Amino acid sequence: MKRILVTSALPYANGPIHLGHLAGAYLPADVYVRYQRMKKRDVLYICGTDEHGVPIAIAAEKQSITPQQLVDRYYADHLDTFTRFGMSFDNFSRTSRPLHHKTSQAFFQNLYNKNVLVERTVQQFYCDTCRRFLADRFVEGICPRCQQPGARGDQCEKCGSSLEQTELIKPYCKVCGHPPVLKDTRHLFFKLGDFQSRLETWLAEKKNWKENVLNYCRGWFKEGLGERAVTRDLKWGIPAPAAGYEDKMIYVWFEAPIGYISATKEWAERIGQPDKWKEYWMDSRTKLVHFIGKDNIVFHAIIWPAMIMAHGDLILPADIPANEFLNLQGEKLSTSRNYAVWLGEYLDKFPPDPLRYYLAAIAPESKDADFTWTEFQQRNNSELADILGNFINRTLTFAKRQFNGVPAAGELNDLDRAMIRVLEKAPVEIGDLFERYELRRGLTALMDVARFANKYFNDQQPWATLKTDRSRCATTINLCLHAVQTLAILMEPVLPFSAEKTWAMLGHTGSVHQQSWDEAGSLTLKPGHRLGQEQILFNKIEDKQIQPEIDRLAAASKNQPPTVAAAETPAEPAKISYDDFSRVQLRLALVLKAEKVEKADKLLRLEIQVGDEKRQIVAGIAKHYAPEQLIGKTIVVVANLQPAKIRGLESNGMLLAAEDETGQLAVLTPDRPVQCGAKVK
RNA sequence: GGCGGUGUAGCUCAGCUGGUAGAGCAGUGGAAUCAUAAUCCAUAGGUCGGGGGUUCAAGUCCCUCCGCCGCUACCA
């Protein structure tokens, strides 16, 4: 391996950065990169904002600004908060730049020329009023699954189902509220399926990849890879460079990962060696590592590698350390409910290193992790302040007061030799863990060094030997100072700001970031070396500092997700005429039989009597009614609904039920006994 | 219903290819006093979700059941 290229998933420029982002894709990558730099490896760290796509177009429209203005704002915001947090990107670019447009179009054209993009005609909603096609998220309606209003064309936020926009009941245009019409539109599709066997072969060799990534891919292979649309009818994005597609844009998921390449190119231009990007992208001796969250596995482990295979000239990812998610105080993060800790707000109140430390200590490496403010406080206080910070402080103050600098070491005893061994082994042990992306264990190993050093200090009792055996005391303090130096270097990847402060306190000039990892355990301090000004490294965090944060989240947790009905639903559904209504035939029906539909959680099969006629209907009320509760009830059904097959069973009608705010259903029945079959008007 | 994950000391979690149950925090007792009242030592007797099986030996493999979490299917 000659060089390493590291990327973090491109953050989407429609909102600020929160802790969930950091824990998954950013902090682990930054630690890895900082470690590799100190190993003196050729490593490049690339990231940038993802600035195209529908959600940004919608958000901009809502705020009555242009998409460009919106992404300018969030680009600046991300860059600022990441910088304050200590993220050490070599380049933090953005996908709206001309260089990225050019690069993406060239990539697209390459695939187009190789005939792996094929044309398909699909039906899509078109809004006559806005005179444009509506992307999935631009059309809303009633969710066909949970019947709630406000479902988007791609997904229903209420029940979490992913949808096809054409499934929506009573669709309307999110912008103007008018119902759209279905129209044919042409799109280019990437023949992902053509690459399935190559992908399977490629992934089969990745023995040491994380299980979650491999399992996820196996699942996709089992389903079979089909075709994926790569163009969109949109105005905000990168124009698709293909004849007949001038008015369409490249779909964001296609061009976003290409951003890794254009950001590398931009970096190469900036350092005045415009061709240098090729060393990173076209040389198989480069190790390409993508840090992502688990939501991004499909794109990075399947689609993107397939694109690279199709392209032909680029290297494939060598590793994709995907992390799980971070929860907050036991609940899922929710940006729409403002249930999140925003990085910018955190940094206005607390220093970056304690958060870096805590997030690394609970990194969701193998399963979802939980961030709590009290544990954050506790680990800052008992680990950073008490164990690490206090050791550094007690050593430096002692050395300065008693020896006015670094004392010379004398003869070594067993304890001294044990201490030296710990310092020598630590860079190797912690390095191995960082190499394998095991942040949590790496941090534990780091703290163990500090714990051992504290014990060493205690056992040697320099405060006692100071009076009885000054040379013994000097040896102890000499080694403690070396422990401080080792810790300063080894903490750099996770605690870069504190490491730099410690370096200065040791009286060193230059930067800790320039030091060599492999030399971290060496005894290089010269006797007589003058120490710098000591200061408290980690302040304790008081209850009263975190209480407001806990309170805020508790309040936010009660927020309802913004209901579309309240905010955005176009007033009322359009009024219908009496004629329209009279076309719906509602009748009373007697439930003769009811039973659960096998292999379905929500369905009941009902046999009903409507006048003289017996029918079968299937209703999604199994979660609300036991079958026997319904038998003998007289209910209201829509009698002239088109029959449909549901899980293989024919359903001839639909029963009516009311839903309360908690989602509980109540079946409608007449207020006094009425003959079944009677019309409901 | 299917797929994946998960259920280990009060809390948060480690336990890789099977061999006498671990760490940190909290708690309790003690030592020490250089230091941000910091540190260090001792102390956890937990049916490793339940049951069954394989084995000389099982948190660790197999079967089955139960509880959570995520994705996914069914709501005319």
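Computed from a predicted structure; not experimentally measured.

Here's the deal with the overall build of chain A
Phase 1 of the analysis: Scanning chain A from terminus to terminus reveals 22 helices and 26 strands.
Phase 2 of the analysis: With the C-alpha coordinates aligned to their principal axes, the bounding extent of chain A is approximately 110 × 60 × 45 Å.
Phase 3 of the analysis: Scored against the burial criterion, the 681 residues of chain A give a buried share of 53%.
Phase 4 of the analysis: Contacts in chain A between residues at least 24 apart in sequence constitute 73% of all its contacts with a sequence separation of at least 6.
Phase 5 of the analysis: Surface accessibility of chain A: about 31300 Å² in total, with carbon and sulfur atoms responsible for 49%.
Phase 6 of the analysis: Taking the 87 positively charged and 83 negatively charged side chains of chain A as two groups, their mean positions are separated by 1 Å.

Structural notes on the nonpolar core
Phase 1 of the analysis: Ranked by size, the top nonpolar core spans 168 residues in total, and within it Phe-190 and Phe-371 carry the most contacts.
Phase 2 of the analysis: Residue-level mapping places this core at the junction of two domains, with at least three residues from each of domain 1 (3-96 + 257-328) and domain 2 (372-519).
Phase 3 of the analysis: Discounting chain neighbours no more than four positions away, the residues touching Phe-190 are Leu-111, Val-116, Leu-117, Phe-195, Gly-226, Glu-227, Arg-228, Val-230, Ile-303, Ala-306, Met-307 and Ala-310.
Phase 4 of the analysis: Counting residues in hydrophobic clusters, the runner-up holds 17 residues, among them Ala-594, Ile-608, Val-610 and Tyr-625.

Some details on the protein's contact with RNA strand B
Phase 1 of the analysis: Surrounding RNA strand B, one finds 46 residues, the nearest of these being Asn-390, Lys-602, Leu-603, Leu-641 and Gly-653.
Phase 2 of the analysis: If you look at RNA strand B and keep only atoms within 4 Å of the protein, 70% of those are sugar or phosphate atoms.
Phase 3 of the analysis: Separating a base nitrogen of RNA strand B from a side-chain N or O atom of Arg-394 is a distance of 2.5 Å.
Phase 4 of the analysis: At 3.1 Å, a side-chain N or O of Ser-651 approaches a sugar or linking oxygen of RNA strand B.
Phase 5 of the analysis: When residues of the surface near RNA strand B are traced back to their parent elements, those giving at least two are helix H13 (373-403), helix H15 (439-460), strand S19 (613-619) and strand S21 (644-646).
Phase 6 of the analysis: Looking at the surface near RNA strand B, the element that brings in the most residues is H13, giving 12 residues.

Overview of the sheet that holds strand S3 (residues 91-94)
Phase 1 of the analysis: Judged by pairing direction, the sheet is parallel, and its five strands sit side by side in the order S3-S2-S1-S13-S14 without closing on themselves. Lying at the two open borders of the sheet, with one neighbouring strand each, are S3 and strand S14 (322-323).
Phase 2 of the analysis: Here helix H10 (residues 297-311) sits on the sheet and contacts strand S13 (286-293) and S14; the angle it forms with S13, its principal contact strand, is near 145 degrees.

Some points on the domain arrangement of chain A
Many analyses report the size of an interface as the accessible area lost when the parts associate.
Phase 1 of the analysis: Its domain assignment divides chain A into domain 1 (3-96 + 257-328), domain 2 (372-519) and domain 3 (578-667).
Phase 2 of the analysis: Spacing between the C-alpha centres of domain 2 and domain 3 amounts to 71 Å.

Looking at unusual backbone geometry
Phase 1 of the analysis: We note that Ser-64 has phi near 55 degrees; this positive angle belongs to a residue other than glycine.
Phase 2 of the analysis: Within the element layout of this structure, Ser-64 appears in the loop between helix H2 (54-62) and helix H3 (67-85).
Phase 3 of the analysis: Ser-64 gets classed as exposed once you look at its relative accessible area, which sits at 66%.

Points about the environment of Tyr-260
Phase 1 of the analysis: Tracing the chain through its elements places Tyr-260 in helix H8 (residues 258-270).
Phase 2 of the analysis: In the structure, Tyr-260 is positioned 165 residues away from Thr-95 in sequence and 9.4 Å away in space, judged by C-alpha atoms.
Phase 3 of the analysis: Residues contacting Tyr-260, with those up to four places away along its chain left out, are Thr-7, Ser-8, Ala-9, Leu-10, Ile-46, Trp-281, His-290 and His-300.
Phase 4 of the analysis: Polar contacts involving the side chain of Tyr-260 include one to the side chain of His-300, which spans 2.7 Å.

Notes on the packing of helix H1 (residues 19-38) against helix H12 (residues 352-361)
Phase 1 of the analysis: At a minimum axis distance of 10 Å, the contact between H1 and H12 shows a crossing angle of 95 degrees. In terms of orientation, H1 and H12 fall into the roughly perpendicular class. Contact residues: H1 offers Leu-19, Leu-22, Ala-23, Leu-27, Asp-30, Val-31 and Arg-34, while H12 offers Leu-355, Arg-356, Leu-359 and Ala-360.
Phase 2 of the analysis: Its residues assigned to classes, the contact of H1 with H12 shows eight nonpolar, no polar and three charged.

A look at the pairing of strand S18 (residues 604-610)
Phase 1 of the analysis: The element S18 is largely enclosed, with a buried count of six among its seven residues.
Phase 2 of the analysis: The pairing of S18 with S19 spans seven bridges and is antiparallel. Within S19, the residue paired with Arg-605 across the bridge is Val-618.
Phase 3 of the analysis: The antiparallel hairpin formed by S18 and S19 contains two residues in its connecting segment, where Gly-611 sits at a positive phi of about 60 degrees.

Digging into the environment of Gly-507
Phase 1 of the analysis: Tracing the sequence through the fold places Gly-507 in the loop between helix H18 (496-505) and helix H19 (543-557).
Phase 2 of the analysis: Residue Gly-507 is classed as partly exposed on the basis of its relative accessible area of 25%.
Phase 3 of the analysis: The spacing of Gly-507 and Arg-530 is 23 residues in sequence and 6.0 Å in space, taken between C-alpha atoms.
Phase 4 of the analysis: Once residues lying within four places of it in the same chain are set aside, the contact partners of Gly-507 are His-529, Arg-530, Leu-531 and Gly-532.

Considerations on the packing of H1 against helix H14 (residues 414-435)
Phase 1 of the analysis: The N-to-C vectors of H1 and H14 enclose an angle of 130 degrees; their axes lie 10 Å apart at closest approach. Between H1 and H14, the angle falls in the class oblique. Along this stretch, H1 crosses H14, giving a crossing that reads as left-handed. Residues Val-31, Tyr-32, Tyr-35 and Gln-36 of H1 form the contact with H14, whose own contacting residues are Gly-431, Phe-434 and Glu-435.
Phase 2 of the analysis: Its residues assigned to classes, the contact of H1 with H14 comprises four nonpolar, two polar and one charged.

Cut-offs applied
- Residues numbered from 1 in each chain as written.
- Chains lettered and ligands numbered in written order.
- Predicted model: local features only at pLDDT ≥ 70, side-chain atom pairs only at ≥ 80, totals over all residues.
- Heavy atoms only, no water.
- Helix = DSSP H or I, 4+ residues; strand = E, 2+ residues; numbered from the N terminus.
- Buried < 20%, exposed > 50% of the residue type's maximum accessible area, 1.4 Å probe, protein only.
- Contact = heavy atoms within 4.5 Å.
- Areas by Shrake-Rupley, 256 points an atom, 1.4 Å probe, with all protein chains shown as cover.
- Lys, Arg positive; Asp, Glu negative; His and termini not counted.
- Charge placed at Lys NZ, Arg CZ, Asp CG, Glu CD.
- Core = buried A, V, L, I, M, F, W, Y, C linked by side-chain atoms within 4.5 Å.
- Domains from an automatic or database assignment.
- Near = heavy atom within 4 Å.
- Polar contact = N/O pair within 3.5 Å; in protein donor to acceptor, adjacent residues only side chain to side chain.
- Pairing = 2+ DSSP bridges.
- Axes fitted to C-alpha atoms, helices over the stretch in contact; angles between N-to-C directions.
- Parallel < 35°, antiparallel > 145°, perpendicular 65-115°, else oblique.
- Nonpolar A, V, L, I, M, F, W, Y, C, P; charged D, E, K, R; others polar.
- Left-handed = near helix turned anticlockwise from the far one by under 90°.

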